[in-house]
Amino acid sequence: MPLGAVISGMTLSPGCFAWGVGVIELFTGATPNGQKVSCALEELGLAYETRAIDFSAREQKSDWFTAINPNGRIPAIIDHGAEGVQVFESGAILIYLAEKAGALLPPGGQARARVLGWLMFQMGGVGPMMGQAHTFLDYMPEKMPLAIERYQNETRRLFEVLDRRLGESEWLGDDYSIADIANWSWVRASAWAQVPHQDFANLDRWVHAIARRPAIQRGIRVPTVIEGLSEIPITG
């Protein structure tokens, strides 16, 4: 079972709930951005509780949630073990959690810079380009071939960059890190952009290596498994 207990059907605002000492409250959904944080929490072994946000009810736009994340997007956290520190944006959350736990992010020097660079590569490139490809492929009322081509080509180019790096190193940084978790959470969804990660040997090796990690298998069940997201089997 995941360390994070999913709280279903809760209607109280976060401040009305009696959280355990030291527990991190995770506001999330079954998306790559949400699951990159649950995967990191599982890898780091930090105690957390999960609040699954109801997108169909636009709960992410409610007043209580935008007080935590003004942008009205998941994920976000409240760290009840640190005087209620609130963090939004998945990249910022990953950095915060890694620094809190003292793991998955080197303390300084070139090793830290490399991890942060690859983390921002996902935040500014892989996620947005794959997301746009997915939108134009699956959600627009009319197909727009030029837009689809543009975002698929950029996704492919970014995969080539990752593949080259992973031909030089087992991981994106010097060791397994939050950069790997962030990029993996999107790359495993390559079917959404119809740019298969299986076309890139080094990238595909890395995708399967991370998928085999027990903490990752727990993290991608939070708050629920995204059916059909990846051909990589859910084990256990």
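### Focus on the packing of aromatic side chains
Consideration 1: Counted according to the given criterion, the structure contains eight aromatic pairs.
Consideration 2: Judged by centre distance (6.0 Å) and plane angle (70°), the ring pair of F27 and F65 falls under edge-to-face. Of the two residues, F27 is situated in strand β2 (residues 24-28) and F65 in helix α2 (residues 63-66); the sequence distance between them amounts to 38 residues. F65 shares its class with F27; the two are buried.
Consideration 3: Within the aromatic cluster, the residues linked to one another by ring pairs are F27, W64 and F65.

### As for helix α3 (residues 90-101)
Each full turn of the α-helix corresponds to 3.6 residues, which orients residues three or four apart in the same direction.
Consideration 1: Over its twelve residues, α3 extends 16 Å from the first C-alpha to the last, a length consistent with the 16 Å expected when each residue adds 1.5 Å.
Consideration 2: Taken residue by residue, α3 has S90, G91, I93, L94, I95, L97 and A98 as its buried positions.
Consideration 3: The secondary structure elements touched by the buried residues of α3 are β2, α1 (32-44), β4 (76-79), β5 (85-88), α4 (109-138) and α6 (178-187).

### A word on the pattern of salt bridges
Consideration 1: Counted by the stated rule, this structure contains eight salt bridges.
Consideration 2: Where R157 meets E154, a salt bridge forms, and the shortest distance between an N and an O atom there is 2.7 Å. You can see R157 and its partner E154 sitting in helix α5 (residues 145-168), three residues apart, about one turn around the helix.
Consideration 3: We classify R157 as partly exposed; its relative accessible area is 40%.
Consideration 4: A relative accessible area of 19% means that E154 is categorised as buried.
Consideration 5: The partner of R165 in a salt bridge is E168, with the nearest N and O atoms 3.7 Å apart. Taken together, the positions of R165 and E168, both in helix α5 and three residues apart, correspond to about one turn of that helix.

### Section: the packing of α1 against α6
Consideration 1: Taken N-terminus to C-terminus, the directions of α1 and α6 make an angle of 140°; their axes are 9 Å apart at the nearest point. The orientation of α1 with respect to α6, classified from their angle, is oblique. The way α1 lies across α6 gives a crossing that is right-handed. Touching P32, N33, Q35, K36, C39, A40 and E43 of α1 are I181, A182, S185 and W186, all from α6.
Consideration 2: Residue composition of the contact of α1 with α6, grouped by class: six nonpolar, three polar and two charged.

Rules behind the numbers
- Residues numbered from 1 in each chain as written.
- Predicted model: local features only at pLDDT ≥ 70, side-chain atom pairs only at ≥ 80, totals over all residues.
- Heavy atoms only, no water.
- Phe/Tyr/Trp six-rings, centres within 6.5 Å; stacked < 30°, edge-to-face > 60°.
- Helix = DSSP H or I, 4+ residues; strand = E, 2+ residues; numbered from the N terminus.
- Buried < 20%, exposed > 50% of the residue type's maximum accessible area, 1.4 Å probe, protein only.
- Expected span 1.5 Å × (residues − 1).
- Contact = heavy atoms within 4.5 Å.
- Salt bridge = Lys/Arg side-chain N within 4 Å of Asp/Glu carboxyl O.
- Axes fitted to C-alpha atoms, helices over the stretch in contact; angles between N-to-C directions.
- Parallel < 35°, antiparallel > 145°, perpendicular 65-115°, else oblique.
- Left-handed = near helix turned anticlockwise from the far one by under 90°.
- Nonpolar A, V, L, I, M, F, W, Y, C, P; charged D, E, K, R; others polar.

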